[in-house]
Amino acid sequence: MLKRFFSYYKPYMGLFILDFSCAVIAALLELSFPLAISMVVDDLLPNRNWEMILIWSGILLAVYVVSSAMNYVVTYFGHKLGINIETDMRSQLFTHVQKMSFRFFDQKKTGKLVSRMTNDLMDIGEIAHHGPEDLFIAMMTLTGAFALMLSINWQLAILTFLIVPFLIGLSVYFTKKMSIAFDHMFSS
């Protein structure tokens, strides 16, 4: 099923690469903010090194502008990617539904079919846009944050990350509960 889902990206590979690359760059820039601010606050301000403070403030402003531009590209072109994939799926689904027998339509409620075709495909479009990049960025951010924390205080970093498997377990548990509730809500 995943192979079939990812086949919808093929005609829009340029958009996907642009969206994914900008999302990764924005995430890396966001990881650099705490380090730069820490250096300014901990090292430069106490020494009253105003020239370096101004230089680093300019660098931080430039990083913020580039990060904002990357986030704009991710938002605009990422949604364009998601809408293109959603449109292709909707077209295929409409073609499939037109081939169904009259008996199929007698047994199904029209409103439910239309709701499934619109709402479910809208959700799939959002997953097509946010899914791969969010998963990769979350793993990259988690790894980067852990590396930074290890370099600052390894004991506190390990203690903090001992909690992560527990949080993942809770997330999986409640996601299953929500899926069951949604299935029950949409099946009735």
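What comes next is a walk through the structure.

Definitions and cut-offs
- Residues numbered from 1 in each chain as written.
- Predicted model: local features only at pLDDT ≥ 70, side-chain atom pairs only at ≥ 80, totals over all residues.
- Heavy atoms only, no water.
- Helix = DSSP H or I, 4+ residues; strand = E, 2+ residues; numbered from the N terminus.
- Rg over C-alpha atoms; globule rule 2.2 N^0.38 Å.
- Buried < 20%, exposed > 50% of the residue type's maximum accessible area, 1.4 Å probe, protein only.
- Areas by Shrake-Rupley, 256 points an atom, 1.4 Å probe, with all protein chains shown as cover.
- Lys, Arg positive; Asp, Glu negative; His and termini not counted.
- Charge placed at Lys NZ, Arg CZ, Asp CG, Glu CD.
- Salt bridge = Lys/Arg side-chain N within 4 Å of Asp/Glu carboxyl O.
- Core = buried A, V, L, I, M, F, W, Y, C linked by side-chain atoms within 4.5 Å.
- Contact = heavy atoms within 4.5 Å.
- Axes fitted to C-alpha atoms, helices over the stretch in contact; angles between N-to-C directions.
- Parallel < 35°, antiparallel > 145°, perpendicular 65-115°, else oblique.
- Left-handed = near helix turned anticlockwise from the far one by under 90°.
- Nonpolar A, V, L, I, M, F, W, Y, C, P; charged D, E, K, R; others polar.

1. Focus: the overall build of the protein
Argument step 1. Summing up its helical and strand segments, the protein has seven helices and zero strands in all.
Argument step 2. If you list the helices and strands of the protein from N to C, you get α-α-α-α-α-α-α.
Argument step 3. The C-alpha radius of gyration computed for the protein amounts to 23 Å, which surpasses the reference 16 Å derived for 188 residues by more than 25%, pointing to a less compact arrangement than a globule.
Argument step 4. Projected onto the principal axes, the alpha-carbon positions of the protein cover approximately 80 × 35 × 25 Å.
Argument step 5. Each of the 188 residues in the protein was classed as buried or not, and the buried ones make up 25%.
Argument step 6. Roughly 13,500 Å² of accessible area belongs to the protein as shown, and the carbon and sulfur atoms make up 71% of that amount.
Argument step 7. Each charge class in the protein can be summarised by its mean position, and for the 14 positive and 14 negative side chains these summaries are 17 Å apart.

2. With respect to the pattern of salt bridges
If the charged atoms of two oppositely charged side chains come close together, the side chains can form a pair.
Argument step 1. Applying the stated criterion across every chain yields a total of one salt bridge.
Argument step 2. The closest approach of N and O atoms between Glu 86 and Arg 90, which form a salt bridge, is 2.4 Å. Of this pair, Glu 86 and Arg 90 both sit in helix α3 (residues 50-98), four residues apart, which is roughly one turn of that helix.
Argument step 3. For Glu 86, a relative accessible area of 13% puts it in the buried group.

3. Looking at the nonpolar core
Argument step 1. With eleven residues, the main nonpolar core is built from Phe 5, Tyr 8, Tyr 9, Tyr 12, Leu 15, Phe 16, Leu 81, Ile 85, Met 89, Leu 121 and Ala 128.
Argument step 2. Secondary structure elements with two or more residues in this core: α2 (13-44), α3 and α5 (110-152).
Argument step 3. Here this core gets three residues from one element, more than from any other, and that element is α3.
Argument step 4. With residues up to four places along the chain from it excluded, the contact list for Ile 85 reads Tyr 8, Tyr 9, Tyr 12 and Ala 128.
Argument step 5. Ranked by size, the runner-up nonpolar core spans ten residues in total, among them Cys 22, Ala 26, Val 73 and Val 74.

4. So, the packing of α2 against α3
Argument step 1. The contact between α2 and α3 brings their axes to 8 Å, and the two run at 155 degrees. The pairing of α2 with α3 is recorded here as roughly antiparallel in orientation. Relative to α3, the crossing made by α2 is left-handed.
Argument step 2. A per-class count over the contact of α2 with α3 returns 26 nonpolar, five polar and three charged.

5. Section: the packing of α2 against α5
Argument step 1. Their axes nearest at 10 Å, the elements α2 and α5 cross at an angle of 25 degrees. On the basis of the axis angle, α2 is roughly parallel to α5. The two elements α2 and α5 cross, and the hand of that crossing is right-handed. Note on element contacts: α5 touches α2 through His 129, Pro 132, Glu 133, Phe 136, Ile 137, Met 140, Thr 141, Gly 144, Ala 145 and Leu 148, opposite Phe 16, Asp 19, Phe 20, Ala 23, Val 24, Ala 27, Leu 28, Leu 31 and Leu 35.
Argument step 2. When its residues are assigned to classes, the contact of α2 with α5 shows 14 nonpolar, three polar and two charged.

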